[in-house]
Amino acid sequence: MFERISDACMALDRDWRYTYLNANALALLGQPGQNLLGQSLWADFPEDTRQPFRRACEQAMEQQRPIQIEAFHPTWQRWFESRIHPSEDGVTIYFLDTTERRKVAQGLLRQQQMMVQAQQLAQTGSWEWDLPDNRVIWSAELYRIYGVTPEEHDATFEAYLALLHPLDRDRVQQIITHAIDDQEPFEFTERIICPNGTERTLLSRGTVVADAAGHTVRMLGACQDITERTRAERFDIGQHDILTAIATQQPLRQNLEAIARLHETLNPGAMCSLLLVDDDSRHVLHAAGPSLPEAYNRAIHGLEIGMAHGSCGTAAWRGERVVVADIATHAYWADYKDLALEHGLKACWSTPVYGSNGQLLGTFAVYYREIREPRPDELRNIDRMLPITSIAIESDKLLARLRERNLFFEMSQEIFCIINTRSRRIVQFNPSFSRATGYSAAELTARDYREFLQSEHDSDDGDPMHASTISTEQVREFVNRCRYKDGSVHWLEWMAFAAPDGLLYAVARDVTERREVAAELAYASNHDAITGLPYHSAVEHVLATLLQDEATSSVWVLVLGPDRFQVVNESVGHAAGDDVLRQLASRLQAVLGKQGRMARFAGDTFVTVVHDLSRPAVLELAERLRAAVALPVEGDDYRLLLTASVGISQSPDHGRAPTDLLRNAEAAMNQAKREGRDRVSEFTIEQMRALDERLVLGRYLRDAVRRGELELYYQPQHRASDHALTGFEALLRWNSPELGLVMPNRLVPVAEALGLMREIGEWALEAACRQIRAWMDHGHRDFHVAVNISAQQLQSPGLVDTVRAALQRHAVPNSMLDIEMTENALMENVGQTRRTLAELKALGTRLALDDFGTGYSSLAYLKQFPIDKVKIDQSFVRGLPTDADDAVIAKTIIALGHQLHMTVAAEGVETSAQAAFLAQLGCNELQGNHLGAALPVSQAEICFGKHAAGS
């Protein structure tokens with residue numbers, strides 16, 4: 001019996017060993033029966049317990065119930081349908097190979113998916129109507145076209161009829177009835193009303209299917225959404241008719257009513273109102289409103305233009321579209337809503353209409369009898385009507401002037417002409433053509449227009465008037481060139497259309513000045529107004545091109561920056577500073593010549609790009625550029641001697657991207673400035689590593705404050721005479737989970753470059769004031785805490801308010817806070833700095849100058865600032881007391897500070913000998929690891945105890 005079964009059949013005992021296999025099973029396994037009997041099933045089906053077939057087998061055996069499963073077997077690379085029948089002694093399994101069946105099913109599924117995609121692309125849905133059961137089946141695309149879902153649409157012929165436009169319903173039903181009776185194919189257009197109220201136009205085609213008895217039993221059909229095509233055709237036809245009416249000088253009111261009716265036809269439910277601006281541009285006058293109540297049209301005639309004067313008066317006043325979805329509640333209609341609501345008007349969207357010269361001509365308004373916002377496509381439809389409305393109004397104005405003066409287009413400054421494209425002659429034209437071009441009337445009519453009209457581009461030798469591409473159904477806009485009689489070439493912008501008589505009606509205006517202004521603006525947008533050099537973006541483009549050119553062996557970038565240029569602005573003023581930059585740019589360009597490209601990089605910095613030069617040649621060029629800056633710079637009221645630092649980077653050694661080369665050359669220039677200025681510096685591997693480190697630091701630093709990773713350490717400060725505690729300096733630390741503990745010398749430069757110092761500084765100020773309050777609450781008194789302020793914070797206009805707020809928030813006496821800053825920070829924008837320090841001093845805080853002696857402040861500047869304390873930089877303390885030079889410097893600073901009535905402190909005190917020597921010189925305060933290292937807040941409070949014990 002088992003041998004007659006077409007499936008592979010095998011019996012197994014409870015240990016999954018073969019006890020019987022029919023011929024089909026042996027053929028499947030490919031082995032003779034004597035080799036298989038007693039062998040384990042899982043040797044031929046090596047599956048773990050997670051595979052579906054094995055799970056099903058074990059489940060059938062465990063539950064003693066049959067299980068059927070279809071699964072893919074990797075060993076055979078086939079799909080099998082397995083029927084598993086368990087018994088107390090074992091299990092019988094039947095295998096049916098379903099691979100080919102699945103391939104056929106998958107092929108059908110792919111075909112179905114392709115059919116769905118094809119319908120979507122063609123915007124065509126299909127349907128099938130089973131007449132005996134009155135059951136209609138729609139494709140997914142047809143549901144999308146109708147805007148309904150299978151759940152909300154009853155699949156019957158009556159439900160389909162309910163979606164049709166009421167005016168099309170009887171006609172469509174008759175066509176389908178005739179098709180059923182005559183058993184012939186059918187085709188018709190229909191309009192449907194979607195649930196959201198939109199109207200769509202469909203092209204329906206279909207056929208009928210009869211049974212053996214000749215009775216119609218099914219209808220098959222397809223519906224294509226031709227809404228946009230129909231709309232475009234109707235718009236083009238309507239626009240052509242309107243333009244023809246305009247060209248044949250039909251009355252303006254008739255043309256505007258045709259425009260309004262065209263828009264209303266294309267947008268069911270819309271009621272158009274076209275208003276014209278009167279001669280004094282103070283009122284709008286009714287021009288067309290064919291579907292609006294005549295009483296309402298009369299009432300709005302003469303509406304004053306102004307804010308909140310309805311949608312139209314406001315749109316004309318503001319010069320932009322005004323959309324009012326609910327007239328009853330909108331402020332623009334407060335004084336006019338009763339009039340509109342009386343006539344059932346509830347929404348109004350109004351758009352100003354402008355002429356070719358930008359003059360306001362009127363408004364194009366659309367009213368609705370329900371509250372509603374416009375859809376994007378409805379606004380686009382309105383915008384499509386504006387040009388033809390503008391043409392109609394402007395043409396009427398032109399004709400009015402012509403009638404008054406009885407001259408052909410006498411008053412128009414634009415060129416109007418009629419052209420015979422067959423003879424290529426200008427048949428008629430207005431006087432503007434002769435006035436503009438200088439040609440006489442006889443010259444214009446006697447010559448082929450190609451003799452003086454040329455295509456927009458030199459490479460185009462076609463017809464400059466595009467006669468062959470202009471049809472009677474559309475207006476064509478284009479630009480060409482006209483060679484005037486004096487030899488000058490001017491740009492003309494045309495609008496043209498072909499009339500049914502084969503003539504070309506065209507309007508042109510001279511846009512030469514506009515093009516020249518646009519070219520000048522384009523140049524200005526890419527060039528620096530002071531130096532005339534391109535902006536660095538242009539150089540980046542050149543760099544990118546060179547780097548992609550395989551023929552280019554090397555690309556060099558030189559960034560040059562005048563040294564201490566901010567002093568120039570402060571000493572001679574920004575106007576003179578701009579003049580200096582202008583002179584420097586001229587000199588540098590003269591030195592560079594045609595060797596490369598130069599641009600203004602940023603601020604007072606210049607960038608130069610050269611390629612295929614040797615390293616000595618590039619260094620020689622850099623020295624010549626630096627020497628050019630060193631020549632005296634003279635103006636009306638100044639004579640300056642400047643120096644410059646130059647940084648150099650090269651591809652591919654220093655990067656293969658424009659941004660990398662520019663950044664690295666700038667880094668090399670900054671290194672040159674740090675090394676003493678007035679020199680040339682090449683980018684180095686060490687600088688590359690430093691830049692990479694700064695990039696890594698910057699990536700994590702942005703969120704350090706938010707994530708609570710910043711911390712203040714406190715280093716004690718002691719009186720030099722008896723080492724009594726006087727206070728602390730708050731020192732910033734960054735506990736980065738990714739980078740570990742980051743010290744200020746690595747942290748601060750990156751924060752300054754990223755513009756984060758203000759945020760970090762405010763956090764540090766807040767934390768320090770909070771800690772002062774905490775220590776005061778513990779009973780500690782007579783101490784101060786110094787907080788470092790960066791140059792960015794010092795220039796911030798809100799610094800004083802920030803300090804005041806932090807002190808008040810934590811009830812800290814102002815005198816307990818020291819504000820420390822470096823010399824270099826002090827010298828940025830001296831005037832602003834002086835005012836800020838005066839306000840901080842008036843607040844009651846103490847001001848300290850950190851790292852004194854390492855910056856470039858002069859004594860003349862120093863005495864202008866209300867500094868309370870100067871701190872001798874640790875570089876002058878390190879060699880004490882044995883280094884004679886350091887001793888002289890320390891003694892001088894102490895004497896200078898006391899002479900200016902300032903407290904003098906020394907930082908970096910590491911030995912008792914240094915402490916004793918500084919005390920002997922009269923130094924007031926000491927700070928350094930000898931007296932106490934910087935400690936986290938949890939350990940810093942112990943310093944108060946030491947102070948108490950010492951005193």
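Residues numbered from 1 in each chain as written. Predicted model: local features only at pLDDT ≥ 70, side-chain atom pairs only at ≥ 80, totals over all residues. Heavy atoms only, no water.

Some words on the overall build of the protein
And then number 1: Within the protein, the regular secondary structure consists of 35 helices and 39 strands.
And then number 2: Over its C-alpha trace the protein gives a radius of gyration of 45 Å, far above what one expects of a compact globule, namely 30 Å for 951 residues.
And then number 3: Across its three principal axes, the protein shows a C-alpha extent of roughly 130 × 115 × 70 Å.
And then number 4: Every one of the 951 residues in the protein was classed for burial, and the buried ones make up 46%.
And then number 5: Relative to all contacts within the protein whose residues are 6 or more apart in sequence, the contacts with residues 24 or more apart total 55%. (Helix = DSSP H or I, 4+ residues; strand = E, 2+ residues; numbered from the N terminus. Rg over C-alpha atoms; globule rule 2.2 N^0.38 Å. Buried < 20%, exposed > 50% of the residue type's maximum accessible area, 1.4 Å probe, protein only. Contact = heavy atoms within 4.5 Å.)

A word on the nonpolar core
And then number 1: In this structure, Leu701, Phe728, Val785, Leu837, Ile872 and Leu926 are the most contacted members of the largest nonpolar core, which totals 76 residues.
And then number 2: The element that contributes the greatest number of residues to this core is helix H25 (residues 757-777), accounting for 10 residues.
And then number 3: Setting aside residues no more than four positions away along its own chain, Leu837 makes contact with Leu794, Met821, Leu826, Leu847, Phe865, Pro866 and Ile867.
And then number 4: Listed in part, the 30 residues of the second largest apolar core include Val580, Val633, Tyr638 and Leu642. (Core = buried A, V, L, I, M, F, W, Y, C linked by side-chain atoms within 4.5 Å.)

With respect to the sheet that holds strand S22 (residues 503-510)
And then number 1: Spatial strand order, S18-S17-S22-S21-S20-S19: 6 strands in an open sheet with antiparallel pairing. This sheet does not close on itself; its edge strands, each paired only once, are strand S18 (425-429) and strand S19 (453-455). The average undirected angle you get between the axes of adjacent strands in this sheet is 40°.
And then number 2: Of the strand pairs in this sheet, strand S21 (residues 489-498) and S22 are connected by 7 bridges, and their pairing is antiparallel. Across the sheet, Ala496 pairs through a bridge with Ala506, a residue of S22. (Pairing = 2+ DSSP bridges. Axes fitted to C-alpha atoms, helices over the stretch in contact; angles between N-to-C directions.)

Examining the domain arrangement of the protein
And then number 1: Domains assigned within the protein are domain 1 (8-103), domain 2 (123-229), domain 3 (251-406), domain 4 (417-516), domain 5 (530-683) and domain 6 (694-944).
And then number 2: The C-alpha centroid of domain 4 is placed 34 Å from the C-alpha centroid of domain 3. (Domains from an automatic or database assignment.)

Quick notes on the sheet that holds strand S11 (residues 271-277)
And then number 1: Taken in spatial order, the 6 strands of this open sheet run S13-S12-S11-S16-S15-S14, and their pairing is antiparallel. At either end of the open sheet lies a strand with only one pairing partner, and these are strand S13 (303-304) and strand S14 (322-324).
And then number 2: Two elements, S11 and strand S16 (residues 360-368), share 6 bridges in a ladder whose sense is antiparallel. Within S16, the residue paired with Met271 across the bridge is Tyr367.
And then number 3: Sitting on the sheet, helix H10 (residues 252-266) is in contact with S11, strand S12 (283-288) and S16, with an inclination near 145° to S11.

Notes on the UniProt feature "domain: PAC" (unreviewed entry) in the protein
And then number 1: UniProt's entry tags residues 186-238 with the feature "domain: PAC" (unreviewed entry), counted in the numbering of this structure.
And then number 2: Structurally, residues 186-238 is divided into 23% helix and 57% strand, and its ends, taken at the C-alpha atoms, are 29 Å apart. (UniProt positions renumbered as here; feature names shortened; annotations may be inferred.)

With respect to empty space enclosed by the protein
By rolling a water-sized probe across the atoms, one finds the places where empty space is left.
And then number 1: One pass over the structure, following the stated rule, counts 6 cavities of 30 Å³ or more.
And then number 2: Each pocket or cavity is described by its volume, and for the largest cavity that value is around 150 Å³.
And then number 3: In terms of lining residues, the largest cavity is bounded by 15 residues, among which Trp127, Trp138, Phe157, Tyr160 and Ile176 are the most central.
And then number 4: For the lining of the largest cavity, the secondary-structure elements that each account for two or more residues are strand S6 (124-130), strand S7 (135-138), helix H6 (140-146), helix H7 (157-163), strand S8 (186-193) and strand S10 (216-225).
And then number 5: Considering every element that reaches the lining of the largest cavity, the biggest residue donor is S8, with 3 residues. (1 Å grid on protein atoms, 1.4 Å probe; cavity = no way out; pocket = protein on both sides within 12 Å on 5 of 7 lines; lining within 4 Å. Points joined across faces, edges and corners; volume = space filled by probe spheres on them.)

Brief notes about the environment of Pro744
And then number 1: Inspection of the secondary structure puts Pro744 in helix H24 (residues 744-753).
And then number 2: Classification of Pro744 as partly exposed rests on a relative accessible area of 24%.
And then number 3: Residues Pro744 and Arg424, 320 residues apart in the sequence, show an inter-C-alpha distance of 80 Å.
And then number 4: Discounting chain neighbours no more than four positions away, the residues touching Pro744 are Leu732, Arg733 and Pro749.

Brief notes about helix H33 (residues 912-921)
And then number 1: What H33 keeps buried is the set Gln914, Ala915, Phe917 and Leu918. Buried residues of H33, viewed axially, fall in a sector of 165°; they line one side. Exposed and oriented more than 90 degrees from the buried face of H33 are Ser912 and Gln920.
And then number 2: Buried residues along H33 sit in contact with helix H31 (874-877), helix H32 (884-899), strand S37 (903-907) and strand S38 (925-927). (Arc of directions from axis to C-beta.)

Thoughts on the packing of aromatic side chains
And then number 1: In this structure the tally under the stated criterion is 27 aromatic pairs.
And then number 2: Ring geometry for Trp349 against Tyr368: centres 4.9 Å apart, planes inclined by 40°, an arrangement best described as tilted. Highlighted residues: Trp349 in strand S15 (residues 347-354) and Tyr368 in strand S16, separated in sequence by 19 residues.
And then number 3: The buried category is assigned to Trp349, whose relative accessible area is 1%.
And then number 4: We classify Tyr368 as buried; its relative accessible area is 2%.
And then number 5: Relative to Phe433, the ring of Phe429 has its centre 6.1 Å away and its plane inclined at 85°; by these criteria the two rings are edge-to-face.
And then number 6: For Phe429, a relative accessible area of 14% puts it in the buried group.
And then number 7: Residue classification places Phe433 among the buried residues on the basis of a relative accessible area of 0%.
And then number 8: Here the aromatic residues Trp129, Trp138, Tyr143, Tyr146, Phe157 and Tyr160 are joined through ring pairs into a cluster of three or more.
And then number 9: The lysine or arginine in question, Arg54, covers the ring of Trp42, its NZ or CZ lying 4.4 Å from the ring centre.
And then number 10: Taking NZ or CZ as reference, Arg733 lies 5.1 Å from the ring centre of Tyr713, over its face. (Phe/Tyr/Trp six-rings, centres within 6.5 Å; stacked < 30°, edge-to-face > 60°. Lys NZ or Arg CZ within 6 Å of the ring centre and 35° of its normal.)

Topic: the environment of Leu765
And then number 1: The topology assignment puts Leu765 in helix H25.
And then number 2: Taking the C-alpha atoms as reference points, Leu765 and Ile819, 54 residues apart in sequence, are found 9.5 Å from one another.
And then number 3: Not counting chain neighbours up to four residues away, the residues in contact with Leu765 comprise Val787, Thr802, Val803, Ala806 and Leu817.

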